[in-house]
Amino acid sequence: MIDVHKLTKQYAGRTAVDGISFKVEPGEIVGFLGPNGAGKTTTMRILSGFMPATSGSAQVAGFDVFRDSLKVRGSVGYMPEMAPLYVDMKVKEYLRFRAELKGLSGRTMRRRVGEVMELCGITDVRRRLIDNLSKGYRQRVALADALVHDPKLLILDEPTNGLDPVQIRQVRELLRDLRSRHTVLLSTHILHEVEQACDRVVMLHRGRILADDTPKNLATQLKTSTLVHVELETADKEAAAKLEKINGVRKCNEEAANGSPWRHLMLRVEPGFDVREEVQALAATEGWKVRELHRELPSLEDVFVELASTAEPLKGGLS
Ligand SMILES: Nc1ncnc2c1ncn2[C@@H]1O[C@H](COP(=O)(O)OP(=O)(O)O)[C@@H](O)[C@H]1O
Ligand SMILES: [Mg+2]
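A brief look at the structure comes next. Small disclaimer: the values here were computed from a predicted structure and weren't measured.

1. Section: helix α3 (residues 91-101)
Those residues of α3 that sit buried are Val91, Lys92, Tyr94, Leu95, Arg98 and Ala99. Looking straight down α3, one finds its buried side chains confined to an arc of 160°; they lie on one side. For α3, the elements touching its buried residues are α4 (106-119) and α5 (135-147). One or two steps after α3, the chain reaches Gly103, where phi turns positive at roughly 95°.

In C-alpha cells form, the structure reads like this:
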C-alpha cells in the first residue's frame, strides 16, 4: 500500500527527512512515532501528494507520488496535523463541499456524508458551525473528511493531538472500527498511545528510521533490564534472598506490607532472561502460594530512549 525508498526532503538545505525506506502492507495499522521535529509531518505530506520530495521514490496505493500526485490524493484519506477546516461552515455543509471536491456527487455524495457523520459520531452536531465546536469534535470532522471518499489508505497526522483523555479514547475506538476496511498510517509523538493500536511501529528520529517492528518485538529486544512482579503468601523471611539467587535476577525488592498477607516482590532481570518458570518452580519447592507472576515489558518510550541515545547525529542537518 505504501512503498517508500530512500526518501529525502530538505528545506533550504536543511535535512528534515534523511533517506528513509519503509513499507506498509494492505490492512496494516502502522504507527509513525517520533518526537516533535522528527520528520513525521513532512513524510506524511509527501506521501499524501501535497508536497514534493527532494529525492527518493514513493508508491502509494499503486501510484507514484511524484508523477501521479492527483491520483494519490484520490486514493488517500489525509488528515493533516492542523486540519484547515472552514470554520464559518456548518458540519454537514462542509463535508458535502469536501466530498464534491473529491469527486462525489448526487445521492452517493449525500449517502457517504451521512455514513461518515454516523461513523465519526458527529450526526448530532451536523447543523452546528465548525467554529462553535470543541477541539475533539473538530478532529472528528477532520477524520470524517479524510474518510468521505472511502479511501483504501488513511494517513492521519497526530489524530489525537490536543484532545483530552476521554476524546483520545474515542478516537482510538474509532480507529479500531476502521481497521477492517482501511490501511492506516498514523503519527504521534505520544509513544504509549500506539502500543495497543498498531500492528507495527516505525520510529523516526531526526529524519531517520531508528526501528521498524512490532511493539512487542521492540520491547523484548531492548537491552535494558525488565521487571518481574511476584505476589506471594509465605512467612519465609528469606524469600527475597532466595529469588535473588535465580540466574538472571539482578536484584529483588519487596514492597512494604500493608497488613495484607500477600507480599509484592519485584525482580530486576537481566536483558535476555525470562525467569518466570524458575520463580514458579522455586515457589512450588518452597511451598509458597503465588497469586501473581507477571513480566513488565519495557514501554516504547524506553525503547525509543535507548535507540535514540545510540543513534549517530545527523550530519550537517538539524540539531
Ligand atoms: N516548511 C518548512 N520549512 C523549513 N523547515 C521545516 C518546514 N517544515 C518542517 N520543517 C523542519 O523539518 C523538521 C521536521 O519537521 P516535521 O516534519 O514537522 O516533524 P514532526 O512532524 O515529526 O514534528 C523540523 O526540524 C522542522 O523544523
Ligand atoms: Mg508533525
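2. Here we look at the nonpolar core
Core analysis: the biggest nonpolar cluster contains 63 residues, and Leu95, Ala144 and Ile155 have the highest contact counts within it. Tallying contributions element by element places α5 first for this core, with six residues. Beyond its immediate chain neighbours, meaning those up to four positions away, Ala144 contacts Leu95, Val116, Met117, Cys120 and Ile122.

3. A look at the site of ligand 1
Neighbouring ligand 1 are eleven residues, the closest being Tyr11, Ala16, Lys40, Thr41 and Thr42. Ranked by the residues each element gives to the shell around ligand 1, the list is headed by helix α1 (residues 40-47), at three residues. Partitioned by chemical class, the residues of the shell around ligand 1 number four nonpolar, six polar and one charged.

4. Some remarks on the sheet that holds strand β13 (residues 263-269)
The sheet built from four strands is open, its strands ordered β12-β13-β11-β14 with antiparallel pairing. A single partner strand is all that each edge strand has here, and the edge strands are β12 (249-254) and β14 (289-296). When strand polarity is set aside, the average angle formed by the axes of neighbouring strands in this sheet is 20°. Across the sheet, helix α10 (residues 276-286) is in contact with β11 (226-233) and β14; its angle to β14 comes to roughly 170°.

5. Re unusual backbone geometry
Despite not being glycine, Lys6 has its phi angle at roughly 50°, a positive value. Locating Lys6 in the fold gives a position in strand β1 (residues 2-11). A count of 13 C-beta atoms within 10 Å places Lys6 in the partly exposed class. Even without a glycine there, the phi angle at Asp150 is positive, about 50°. Among the structural elements, Asp150 can be located in the loop between α5 and β7 (153-157).

6. Description of the packing of α3 against α5
Their axes nearest at 9 Å, the elements α3 and α5 cross at an angle of 30°. Our classification of the angle between α3 and α5 gives roughly parallel. As α3 runs across α5, the sense of the crossing is right-handed. Here Val91, Tyr94, Leu95 and Arg98 of α3 lie close against α5, whose contacting residues are Val141, Ala144 and Asp145. Looking at the contact of α3 with α5 residue by residue, the classes come out as five nonpolar, no polar and two charged.

7. A closer look at the packing of α3 against α4
At their nearest, the axes of α3 and α4 sit 10 Å apart, and the two run at 125° to each other. Relative to α4, the element α3 is oriented oblique. In this structure, α3 crosses over α4, and the sense of that crossing is right-handed. In contact with Lys92, Leu95, Arg96, Ala99 and Glu100 of α3, α4 contributes Met109, Arg112, Val113, Val116 and Met117. Along the lines of polarity and charge, the residues of the contact of α3 with α4 split into six nonpolar, no polar and four charged.

8. Here we look at the pairing of β7
Counted residue by residue, β7 has five buried out of five residues, so it is predominantly covered. Burial of β7 is two-sided: the residues Leu153, Ile155 and Asp157 facing one way and the residues Leu154 and Leu156 facing the other way are all buried. Pairing between strand β6 (residues 76-79) and β7: four bridges, direction parallel. When the bridges of β7 are listed, Tyr78 appears paired with Ile155. Of the strand pairs in this sheet, β7 and strand β8 (residues 183-188) are connected by five bridges, and their pairing is parallel. Within β8, the position partnered with Leu154 by the bridge is Val184. Traced from β7 through helix α6 (residues 165-178) to β8, the parallel crossover comes out right-handed.

Calculation rules
Residues numbered from 1 in each chain as written. Chains lettered and ligands numbered in written order. Predicted model: local features only at pLDDT ≥ 70, side-chain atom pairs only at ≥ 80, totals over all residues. Buried ≥ 20, exposed ≤ 12 C-beta atoms within 10 Å, placed from the backbone. Helix = DSSP H or I, 4+ residues; strand = E, 2+ residues; numbered from the N terminus. Arc of directions from axis to C-beta. Contact = placed C-beta atoms within 7 Å. Core = buried A, V, L, I, M, F, W, Y, C linked by C-beta atoms within 7 Å. Near = placed C-beta within 6 Å. Nonpolar A, V, L, I, M, F, W, Y, C, P; charged D, E, K, R; others polar. Pairing = 2+ DSSP bridges. Axes fitted to C-alpha atoms, helices over the stretch in contact; angles between N-to-C directions. Parallel < 35°, antiparallel > 145°, perpendicular 65-115°, else oblique. Left-handed = near helix turned anticlockwise from the far one by under 90°. Right-handed = clockwise from strand over helix to strand, strands pointing away.

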